[in-house]
Amino acid sequence: MISLSKKEFLEMPVEEFIIPAEKVAHVQLGNNVEHALLVLTKSGYSAIPVLDPTYRFCGLISARMIMDSILGLERIEYDKLADKVVDEVMDENIATLNVHETFSKALELVINHAFLCVVDDAGRFVGIMTRRVILKQLKKYVYQS
Ligand code: AMP
């Protein structure tokens, strides 16, 4: 990295640090939670995006949300996995990052999230920006000579 001033660093566009949508494991509205659990378990990710058929970002779903949704008083009701859809279980209250936003905004949001979902102006899912990628850039900046 060429030596950057603090202002230049914070104003870098996030676009170049995004893991593109086609490389991001996701589920679609209407998928049952059994499918979501399968994708989460096979990918090893803690949470994945839920998209609508036009690729609009709708929320996040995690294994924990799924397990909570099938927790009965006496037992885990595994038989409910096939009947519940991700729409009922996902968290819709997720802060997103616009693709035209700067590194400064990403840094602010990533404090509370392991990864950020990036959307375009129409709310369509563009990809994710992970805390790992942001910390790597921050480390490069801090140790630049
Ligand atoms: P990492 O920084 O690679 O450990 O990723 C942090 C979190 O970002 C993971 O636990 C996932 O929830 C999410 N994530 C990272 N890469 C992907 C991907 N390719 N597809 C879906 N989710 C991802």
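Before reading further, recall that the structure is shown in the block above.
As the structure is a computational prediction, the values presented were derived from the model and not from experiment. (Residues numbered from 1 in each chain as written. Predicted model: local features only at pLDDT ≥ 70, side-chain atom pairs only at ≥ 80, totals over all residues. Heavy atoms only, no water.)

**A word on the sheet that holds strand β1 (residues 19-20)**
Stage number 1. Read from one edge of the open sheet, four strands run β1-β7-β6-β5, paired in mixed fashion. Because the sheet does not close on itself, it has two edges, and the strands there are β1 and β5 (96-98).
Stage number 2. As paired strands, strand β6 (residues 115-119) and strand β7 (residues 125-130) are joined by five bridges and run antiparallel to one another. If you follow Leu 116 over to β7, its bridge partner there is Met 129.
Stage number 3. Docked against the sheet, helix α5 (residues 103-110) engages β5, β6 and β7, running at close to 175 degrees with respect to β5. (Pairing = 2+ DSSP bridges. Helix = DSSP H or I, 4+ residues; strand = E, 2+ residues; numbered from the N terminus. Contact = heavy atoms within 4.5 Å. Axes fitted to C-alpha atoms, helices over the stretch in contact; angles between N-to-C directions.)

**Remarks on a negative patch on the surface**
Stage number 1. On the surface, a cluster of negative charge is contributed by Asp 87, Glu 88, Asp 91 and Glu 92.
Stage number 2. Residue placement: Glu 88 occurs in helix α4 (residues 86-89). (Patch = residues over 30% accessible without salt bridge, like charges linked within 9 Å, V, L, I, M, F, W, Y side chains within 5 Å. Areas by Shrake-Rupley, 256 points an atom, 1.4 Å probe, with all protein chains shown as cover. Salt bridge = Lys/Arg side-chain N within 4 Å of Asp/Glu carboxyl O. Lys, Arg positive; Asp, Glu negative; His and termini not counted. Charge placed at Lys NZ, Arg CZ, Asp CG, Glu CD.)

**So, the pattern of salt bridges**
Stage number 1. What the rule picks out here adds up to six salt bridges.
Stage number 2. Put simply, Lys 105 and Glu 108 hold a salt bridge, and the shortest N to O gap is 3.9 Å. With a gap of three residues between them, Lys 105 and Glu 108 both fall in helix α5, about one helical turn apart.
Stage number 3. You can call Lys 105 partly exposed: its relative accessible area is 28%.
Stage number 4. Between Arg 124 and Asp 120 there is a salt bridge whose closest N-O contact spans 3.7 Å. (Buried < 20%, exposed > 50% of the residue type's maximum accessible area, 1.4 Å probe, protein only.)

**Quick word on the nonpolar core**
Stage number 1. With 17 residues, the main nonpolar core has Leu 97, Phe 103, Ala 106, Leu 116, Met 129 and Ile 134 as its most contacted residues.
Stage number 2. Sorting the residues of this core by element identifies α5, β6 and α6 (131-142) as the ones contributing at least two each.
Stage number 3. Looking at this core element by element, the count peaks at four residues for α5.
Stage number 4. Once residues within four sequence positions are removed from consideration, Ile 134 is found in contact with Phe 103, Ala 106, Leu 107, Val 110, Leu 116 and Met 129. (Core = buried A, V, L, I, M, F, W, Y, C linked by side-chain atoms within 4.5 Å.)

**Details of the packing of aromatic side chains**
Stage number 1. For the structure shown, the criterion picks out four aromatic pairs.
Stage number 2. Aromatic side chains Phe 9 and Phe 103 sit 4.9 Å apart centroid to centroid with 55 degrees between the ring planes, which places their arrangement in the tilted category. With a gap of 94 residues between them, Phe 9 in helix α1 (residues 6-10) and Phe 103 in helix α5 connect regions that are remote in the sequence.
Stage number 3. For Phe 103, a relative accessible area of 0% gives the class buried.
Stage number 4. Judged by centre distance (4.3 Å) and plane angle (15 degrees), the ring pair of Phe 9 and Tyr 141 falls under stacked. One end of the pair, Phe 9, is in helix α1; the other, Tyr 141, is in helix α6, and 132 residues separate them in sequence. (Phe/Tyr/Trp six-rings, centres within 6.5 Å; stacked < 30°, edge-to-face > 60°.)

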